Amino acid sequence: MATVRTESVLILGGGLMGLALAHKLALHGRSVEVLSRRRNEAAGFVAAGMLAPHAEGLSGEQLRLGQLSLDLIPSWVNQIETDSGLCCGLRQCGIVVPFATAAQRDLYPTACLGESLDRSGLEREVPGIGPNWQAGLLFSQDGQIDNRRRLMRALETACVSLGVRFQEGVEVQEILQDGHTFRGVRMRNAEGEMHTLTSHKAVLCCGAWSAQLLPALAIVPVKGQMLSLQGPRDSLKRIVFGPGTYLVPREDGLLVVGATSEPEAGFMEGLTPFGQQQLQAGIDTLLPEASQWPPMERWWGFRPCTPDGGPLLGSSSIDGLWLATGHHRNGVLLAAITAELIEANISGKGITAEQIQVLEAFQWNRFKTKI
Ligand code: GLY
């Protein structure tokens, strides 16, 4: 079994977190190598790209983390677009959360951070909204990014332009330690050969698969099924975030529809009639006219979920191995702050008191029991 030594920071996982981190570390002058198994399984390609700390009804430390990231996103995107020469499709389009009654609206965890809408306000913000919805909240500060078609490609291009190296089609099989210190990884390369790659520093960002490498991590997969429809351009300006289904209109009229939430499915691949019917029922009640729009694509993926739904950020039980995983429903939103926090954590220099406090709130061992 060959052994290769590198001075680079290893990024274990080539999804959105891995790319965001590789980009940030390279910007800070680090040598970076990304180990990626299969690009299309990354949640960054699956998600709808909502930037929705308020529409998701987050609270406490998770809301704070989401808001910090939302504030960073314009400059983060600007940097990626500058380094890649590609557009990321960022749109601060606002998100409407509809409710059957005003009483339900007023109980929503983030109600005080949105604009209250009655039925006429809902019809103004979402022309054609179904008749069941009598109240709503407009979060004009929330938005979206075109992760699937634009952001992932732009980030990868930006990484390449900054000298990040990629190994595609490789499977990390084991994390190697000297006592409690990270020593490297044992991996199978694209040709099926086993290798040892030694290094002093790595970040684990394997999303839903993270606990396969580090079983102490409290992360399980939560499957989500999605579909898209082609609507007329500008037929829907706001994202509509209904219970169980959301509609995310891209600039060219593509409507991304998500998502089922199936913890019981484990890593079971594929679409199911029940899951797709659930999305169709959501479209019918939220925006009946969209039921006539031509279908484009159907896909699925796996969210990495922790017991409290928040991510695992910062150091691990192994010195030299950091964590950037477990972002559950908010990976696209949280990529910017995750990259910033982990870079600061690795560097140690210039880390602020606020960053230390945030990292403490999302330590991997904050749960009493593993799920
Ligand atoms: N971000 C929404 C979802 O995970 O379905």
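In this text, all values refer to a predicted model and were calculated from it rather than measured experimentally.

What counts and how
Residues numbered from 1 in each chain as written. Predicted model: local features only at pLDDT ≥ 70, side-chain atom pairs only at ≥ 80, totals over all residues. Heavy atoms only, no water. Helix = DSSP H or I, 4+ residues; strand = E, 2+ residues; numbered from the N terminus. Buried < 20%, exposed > 50% of the residue type's maximum accessible area, 1.4 Å probe, protein only. Contact = heavy atoms within 4.5 Å. Arc of directions from axis to C-beta. 1 Å grid on protein atoms, 1.4 Å probe; cavity = no way out; pocket = protein on both sides within 12 Å on 5 of 7 lines; lining within 4 Å. Points joined across faces, edges and corners; volume = space filled by probe spheres on them. Nonpolar A, V, L, I, M, F, W, Y, C, P; charged D, E, K, R; others polar.

## Overview of the environment of Leu313
Phase 1 of the analysis: Following the sequence through the fold, Leu313 ends up in strand E20 (residues 312-315).
Phase 2 of the analysis: Classification of Leu313 as buried rests on a relative accessible area of 2%.
Phase 3 of the analysis: Sequence separation between Leu313 and Thr198 is 115 residues, and the spatial gap between their C-alpha atoms is 23 Å.
Phase 4 of the analysis: Apart from residues lying up to four places away in sequence, Leu313 is in contact with Leu65, Leu323, Ala324, His327, Thr338, Leu341, Ile342, Leu359, Phe362 and Gln363.

## Some words on helix H10 (residues 353-361)
Phase 1 of the analysis: Gln355, Val358 and Leu359 are the residues of H10 that are buried. Looking straight down H10, one finds that the buried residues subtend no more than 100° of arc, so they occupy a single side.
Phase 2 of the analysis: Check the buried side of H10 and you find it contacts helix H3 (60-84), E20 and helix H9 (331-347).

## Details of the environment of Phe99
Phase 1 of the analysis: Note that Phe99 resides in strand E6 (residues 95-99).
Phase 2 of the analysis: What makes Phe99 buried here is its relative accessible area of 8%.
Phase 3 of the analysis: Each C-alpha atom of the pair Phe99 and Gln134 lies 6.3 Å from the other, and the pair is 35 residues apart in sequence.
Phase 4 of the analysis: Aside from chain neighbours lying at most four places away, what touches Phe99 is Gln104, Arg105, Tyr108, Trp133, Gln134, Ala135, Gly136 and Leu137.

## Quick notes on the layout of surface pockets
Phase 1 of the analysis: Taken as a whole, the second largest pocket encloses approximately 250 Å³ of empty space.
Phase 2 of the analysis: Those elements that place two or more of their residues in the lining of the second largest pocket are helix H2 (43-46) and strand E19 (295-305).
Phase 3 of the analysis: Classifying every residue of the lining of the second largest pocket by side-chain character gives seven nonpolar, two polar and five charged.

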